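Structural features, examined
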Amino acid sequence: MSKEIISTGSSYGINQNTNIVSSFQNIKDNLLKQTSSSYSNLEVSPQTAQIFEQINDLQIEPSLSSFTGETFTRAGKHSINEILFDACANVKILTSAVSMHLNPKLRKNLFDQVDLIHDSEDWDEDDAPVKKLSFQSFLRWLLLASPERGPGLGLTSSGNLIAAWIDNQDRLILEFSPNDIVKWIVTTHIDDEIERGTGRTKILRLPTVLAPYEVDKFFNKKD
Amino acid sequence: MGIPNDNHVLRHVPLKKLFRDDEGNIHGLLPQAFELRPQDNKKLSVNWLEYFEEATHQDNIESTIKALRLSRGIKNSSNCAYGVGNIEAIKDTCKSHGATKVDVVHSGNKGNKSHSSIIRLPEDDLSLMTSLAEEIFTEVINNKSIP
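Residues numbered from 1 in each chain as written. Chains lettered and ligands numbered in written order. Predicted model: local features only at pLDDT ≥ 70, side-chain atom pairs only at ≥ 80, totals over all residues. Heavy atoms only, no water.

What follows deals with the overall build of chain A. Along the backbone of chain A there are seven helices and seven strands. Counting helices and strands in the order they occur from the N terminus, chain A gives β-α-β-α-α-α-α-β-β-β-β-β-α-α. A buried classification covers 52% of the 223 residues belonging to chain A. In chain A, the proportion of contacts linking residues at least 24 apart, taken out of those at least 6 apart, comes to 61%. Carbon and sulfur atoms make up 48% of the accessible area of chain A, which totals about 10,800 Å². (Helix = DSSP H or I, 4+ residues; strand = E, 2+ residues; numbered from the N terminus. Buried < 20%, exposed > 50% of the residue type's maximum accessible area, 1.4 Å probe, protein only. Contact = heavy atoms within 4.5 Å. Areas by Shrake-Rupley, 256 points an atom, 1.4 Å probe, with all protein chains shown as cover.)

Inspection of every chain in the model, using the stated rule, returns 10 aromatic pairs over all chains. Ring centres of Trp165(A) and Phe219(A) lie 5.0 Å apart, and the angle between their planes is 80°; this geometry places the pair in the edge-to-face category. Within this pair, whereas Trp165(A) is found in strand E4 (residues 161-167), its partner Phe219(A) is found in helix H7 (residues 216-219), the two being separated by 54 residues in sequence. Across the pair, exposure class does not vary: Trp165(A) and Phe219(A) are buried alike. Three or more aromatic residues joined by ring pairs make a cluster, and in this case those are Phe135(A), Phe138(A), Trp141(A), Trp165(A), Phe176(A) and Phe219(A). One cation-aromatic arrangement involves Arg171(A) over Phe19(B); the distance from NZ or CZ to the ring centre is 4.5 Å. (Phe/Tyr/Trp six-rings, centres within 6.5 Å; stacked < 30°, edge-to-face > 60°. Lys NZ or Arg CZ within 6 Å of the ring centre and 35° of its normal.)

All names here are of chain B. Pairing analysis gives two bridges linking strand E1 (residues 8-13) to strand E4 (residues 43-48), with the strands arranged antiparallel. Within the sheet, the bridge partner assigned to Val9 lies in E4 and is Trp48. Both E4 and strand E7 (residues 115-119) contribute to a ladder of five bridges, which runs antiparallel. Within E7, the position partnered with Val46 by the bridge is Ser116. (Pairing = 2+ DSSP bridges.)

Before going further, it helps to spend a moment on helix H2 (residues 87-96) of chain B. Residues and elements named next belong to chain B. All buried positions along H2 are accounted for by Ile87, Ile90, Lys91, Thr93 and Cys94. Down the axis of H2, the buried side of the element spans an arc of 160°, and every buried residue falls inside it. Structurally, H2 contributes buried residues whose contacts are with E1, strand E5 (81-86), strand E6 (103-106), E7 and helix H3 (126-136). A side-chain oxygen of the first residue of H2 lies 3.1 Å from the backbone nitrogen of Glu88; this N-cap is Asn86. Directly beyond the C-terminal end of H2, a positive phi value near 90° is found at Gly98. (Arc of directions from axis to C-beta. Polar contact = N/O pair within 3.5 Å; in protein donor to acceptor, adjacent residues only side chain to side chain.)

Just distances and angles here, no functional claims.
Spelled out as structure tokens, the structure:
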């Protein structure tokens, strides 16, 4: 069986100050435990495993709102503003755990967009703010794929984060659910015909699933 | 009451369901703008443009948005937008995805007289939602552009 190499590439530096107590094998085992058995042929670089471990280890304490990550019930005494502020703060804290692996400009852009999609002036009280576990899936994918061009962010009513790219008329949309599950939509135009693919997979499988659509064009910086 | 095929409906879309690039430019609607929520009771809310019987398409859009703002408390400064789609195109697209019984009906009430619903829309059909977003509701009006 062929081995699929998943690597974050050499551009990621290892944080020398991080206290890594697990051996690489232990980290790899932990990572593989979280994926389905169908991914047992994956190999990861030590850097990738380290980043995944950092994201996995991060725990966020419940704060003002009753938003705990996967459920959203509006607490009577807290305003929508407070709940949205907390949700944004939670994912920014999550991001801070791996901020050393992110381009500062990209990180600022993501934070600005997270605030924008939680604008209280444009908020339906029945909708949920971003789920921590959805954002965690996004972060894991972001660090694996390392796109040069950041996405436009969106949000579903249930709090799943959406990442979108456009290249001329062609579009790529990824919707991140908890536990590394991602819905993907690709639209390409070939000879005035629209070719579209949609599906659902795990983030580690995404490069393989999207390969026929040549999606690198969405991630490359434009001159 | 069914809405005539050559008429149009408008859907309110919050900023978080707009297709934007990383620089904030709007390129249309995300498919998730057509996702049914449990509280939607399997009916997608829209507003019937021609209900207002204005002289032009643009005037109908403005009247519909102004009425919608009043009924839903949407501020002029809100970053939301509105997508407009033709009734026949909506039904044809749904049919091409196997949803042959989809219809668009007027369901107006006192507070929102042009309110209408797209009914019998399949749930979780990502391909259909994408077609609606990228091929049918392609006329997108920024809320701030309407006085």
